[in-house]
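Geometric and topological summary
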Amino acid sequence: MTATIDRALIRAARDDIDIFAREIARAPLWPHQIELARSPAKIRAVCSGRQAGKSRTLAVLALHQAFSVPGSKTLVLSAGEEAAKLVLASIAELLSSPLLAGAAVEENKSRILLSTGSEIVSAPASTRQVRGRSIDLLILDEANFMDEALWTAAKFTVIARPGSRIVMASSPWTRDHFFHRQWQIGRIDPTARAESFHWPSTASPLVDAELLEDFRKTMTSREYAREVLAEWIDDQGAYFTASELDDNTADYALTPPERAYGQIAVAGVDWGFNDSNALVLLGVLDDGELNRGRHQNELVYFLPWLEHHSKMQYSQFIDRIATVARGYDLAQIISETNGVGAMPTQVLRNTIDRQEWTSTRSRTPVFPVTTDNRRKTSGYGALKVLLQQGRIVLPRNPELLKQLHALTYEQLPSGAVKIEVPEHAGHDDLADALMQVMAATESGMQSWRPDNPRPRKCEVLTTTVGTHIPAEPRCWDLPYALIRSRGRDKGESWW
Ligand SMILES: Nc1ncnc2c1ncn2[C@@H]1O[C@H](COP(=O)(O)OP(=O)(O)OP(=O)(O)O)[C@@H](O)[C@H]1O
Ligand SMILES: [Mg+2]
């Protein structure tokens with residue numbers, strides 16, 4: 001920290017986060033953010049809508065703790081690796097303020113060490129991160145999506161520690177969860193132990209009438225209630241219930257293409273216009289003997305990788321898909337052609353065709369599909385069956401789970417089910433890309449699981465419905481299980 005900052009300012013900034021944000025970090029907080037930041041409660045919980053200013057507040061809180069309490073440890077846990085990286089990036093951005101130049105003595109993807117001797121660690125949420133650590137400030141980002149076991153661990157190691165504090169923020173997800181319970185405690189009766197805050201998107205001065213109108217157009221009314229009004233919504237009319245989804249998630253590690261080394265998967269692509277471009281990979285889980293007791297020889301699926309990019313240009317996204325196709329061995333890429341997808345699908349096909357393939361790898365076919373109601377019903381229907389059977393494990397990705405939960409259905413007089421989407425292209429890119437890959441699954445497909453288990457060295461996670469998955473799962477090398485292609489566009493010849 002530069003020696004030129006006068007001591008009085010430093011002292012004032014230590015004591016008051018508002019002064020710290022304004023004068024030192026040069027990122028003033030809005031009134032609702034200051035209210036949370038100044039609260040003396042040991043556990044603070046904020047339930048927030050989109051764009052209300054959560055991430056900025058959490059970043060300032062972490063940095064202020066590191067600045068004002070030398071030698072302190074702050075742990076920021078996020079739902080997913082990508083989110084964890086973003087949190088650290090926003091802290092690093094604050095560190096670029098002139099008065100904080102030189103404050104970081106060490107900075108990498110998961111940890112920032114400051115000249116005060118304080119440390120900020122950012123990691124994907126897992127119980128292991130919390131257990132046995134001495135933590136002065138624990139920040140949980142998208143807490144409502146985290147495993148209950150994490151809260152149990154936090155209670156023993158963080159809450160029990162004198163002086164240590166917890167801040168949790170989340171968009172609302174399920175009520176039967178520690179985040180909701182904790183939020184209610186601090187809401188009904190704020191005390192020195194707990195205080196809670198409610199930030200609908202309109203809490204932010206930047207969220208104006210135009211943006212709200214945009215939200216309204218691209219969201220179903222259920223989504224609007226949750227994402228903008230920050231209200232917990234129930235399962236009324238939902239095609240997937242929240243517990244159907246939650247009970248089949250696990251905190252397993254996604255495998256980026258550069259570490260996939262030719263694992264076999266199938267990819268689904270959704271091209272965005274208003275929303276973002278999304279890519280979802282589906283693989284057969286290499287679970288050895290793990291699920292033999294529960295599923296005998298039936299396959300269990302999982303998502304080894306997914307990504308979505310807001311407002312990324314098609315050409316850039318196409319290059320990104322080509323990169324993923326070099327890391328993974330993709331049995332097929334299923335790409336939506338209606339809406340805005342026709343042109344990018346064609347370019348994607350040309351790009352993938354030009355890609356050089358090694359002799360051990362087969363070429364990746366790109367299949368254009370038209371998404372109509374029949375395709376949606378079939379894709380989402382296949383997903384529902386697998387969820388009910390406990391035969392698919394989803395990553396704990398808040399965006400994916402919320403999008404799936406937002407899908408509503410209508411029972412037609414014929415008895416058929418129609419899956420509804422918002423009138424305008426909505427925030428359902430990840431859900432749609434997942435729906436596309438479901439066309440590659442085959443209900444009766446089996447493969448022999450070994451029946452004399454070798455002891456496993458790796459950590460094994462278990463979903464609420466009892467399906468096991470390694471913490472670092474790999475795809476089972478069963479290409480024939482992923483080449484089915486329901487509902488391909490007419491005129492597409494079988495290869
Ligand atoms: N105090 C502030 N002053 C000025 N701009 C701010 C402030 N706080 C947040 N912002 C801006 O408002 C926008 C939303 O903030 P932020 O990303 O912190 O919100 P969020 O609740 O985390 O949003 P999301 O729902 O997208 O996760 C960002 O563009 C951010 O830069
Ligand atoms: Mg955020």
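Owing to the predicted nature of the structure, the values given are computational and were not obtained by experimental measurement.

Some words on the pattern of salt bridges
Tallied over the full model, the rule gives 21 salt bridges. For D136, the salt bridge is made with R161, and the minimal N-O distance between the two is 3.0 Å. Taken together, the residues span a long stretch of sequence, with D136 in the loop between α6 (127-130) and β6 (137-141) and R161 in the loop between α7 (148-159) and β7 (165-170) at a distance of 25 residues. Classification of R161 by relative accessible area gives partly exposed; the value is 27%. Within the structure, one salt-bridge network assembled from shared partners comprises D16, D18, R22, E23 and R38.

What to know about the domain arrangement of the protein chain
Its domain assignment divides the protein chain into domain 1 (7-203) and domain 2 (242-482). In this structure, domain 1 and domain 2 have C-alpha centres spaced 33 Å apart. Facing 12 residues of domain 1, the contacting portion of domain 2 comprises 14 residues. Each partner contributes to the roughly 1,100 Å² buried at the junction of domain 1 and domain 2, and carbon and sulfur atoms together form 49% of this total. Area buried by domain 1 at its contact with domain 2 is led by R50, F145 and W173, which between them contribute 51% of it. Here domain 1 and domain 2 share 4 residue pairs in polar contact (both at pLDDT 80 or more) between them. For the side of domain 1 that touches domain 2, the per-class residue count stands at 5 nonpolar, 2 polar and 5 charged.

Here's the deal with helix α14 (residues 342-354)
Between its first and last C-alpha atoms α14 spans 19 Å; for 13 residues at 1.5 Å apiece the expected length is 18 Å, and the two agree. Regarding α14, the residues found buried are P344, T345, L348, T351 and I352. End-on view of α14: buried residues confined to an arc of 125 degrees, all on one side of the axis. What points out from α14, more than 90 degrees from its buried face, is the exposed set M343 and R354.

Topic: the nonpolar core
Judged by nonpolar contacts, the single largest core of 77 residues is most densely connected at Y380, L404 and L434. Counting residues domain by domain, this core receives three or more from each of domain 1 (7-203) and domain 2 (242-482).

Describing the sheet that holds β6
Spatially, the 8 strands line up as an open sheet ordered β3-β4-β5-β2-β6-β7-β1-β8, and their pairing is mixed. The two strands at the open ends of the sheet, each matched to only one other strand, are β3 (104-107) and β8 (194-199). Pairs of neighbouring strands in the sheet enclose a mean axial angle of 15 degrees, with direction left out of account. Along the sheet, helix α5 (residues 81-94) makes contact with β2 (73-78), β3, β4 (111-114), β5 (119-124) and β6, crossing β5 at roughly 155 degrees. Relative to β8, helix α8 (residues 178-188) is tilted by about 100 degrees, and along the sheet it contacts β1 (43-48), β6, β7 and β8.

A look at the packing of helix α4 (residues 54-68) against α5
In the contact formed by α4 and α5, the axes pass within 9 Å of each other and the chain directions differ by 65 degrees. When you trace α4 past α5, the crossing you get is right-handed. Across from A59, V60, A62 and L63 in α4, the residues of α5 making contact are S90, I91 and L94. Partitioned by chemical class, the residues of the contact of α4 with α5 number 6 nonpolar, 1 polar and no charged.

The rules behind each value
Residues numbered from 1 in each chain as written. Chains lettered and ligands numbered in written order. Predicted model: local features only at pLDDT ≥ 70, side-chain atom pairs only at ≥ 80, totals over all residues. Heavy atoms only, no water. Salt bridge = Lys/Arg side-chain N within 4 Å of Asp/Glu carboxyl O. Helix = DSSP H or I, 4+ residues; strand = E, 2+ residues; numbered from the N terminus. Buried < 20%, exposed > 50% of the residue type's maximum accessible area, 1.4 Å probe, protein only. Domains from an automatic or database assignment. Contact = heavy atoms within 4.5 Å. Buried area = accessible area lost by both parts, 1.4 Å probe. Polar contact = N/O pair within 3.5 Å; in protein donor to acceptor, adjacent residues only side chain to side chain. Nonpolar A, V, L, I, M, F, W, Y, C, P; charged D, E, K, R; others polar. Expected span 1.5 Å × (residues − 1). Arc of directions from axis to C-beta. Core = buried A, V, L, I, M, F, W, Y, C linked by side-chain atoms within 4.5 Å. Pairing = 2+ DSSP bridges. Axes fitted to C-alpha atoms, helices over the stretch in contact; angles between N-to-C directions. Left-handed = near helix turned anticlockwise from the far one by under 90°.

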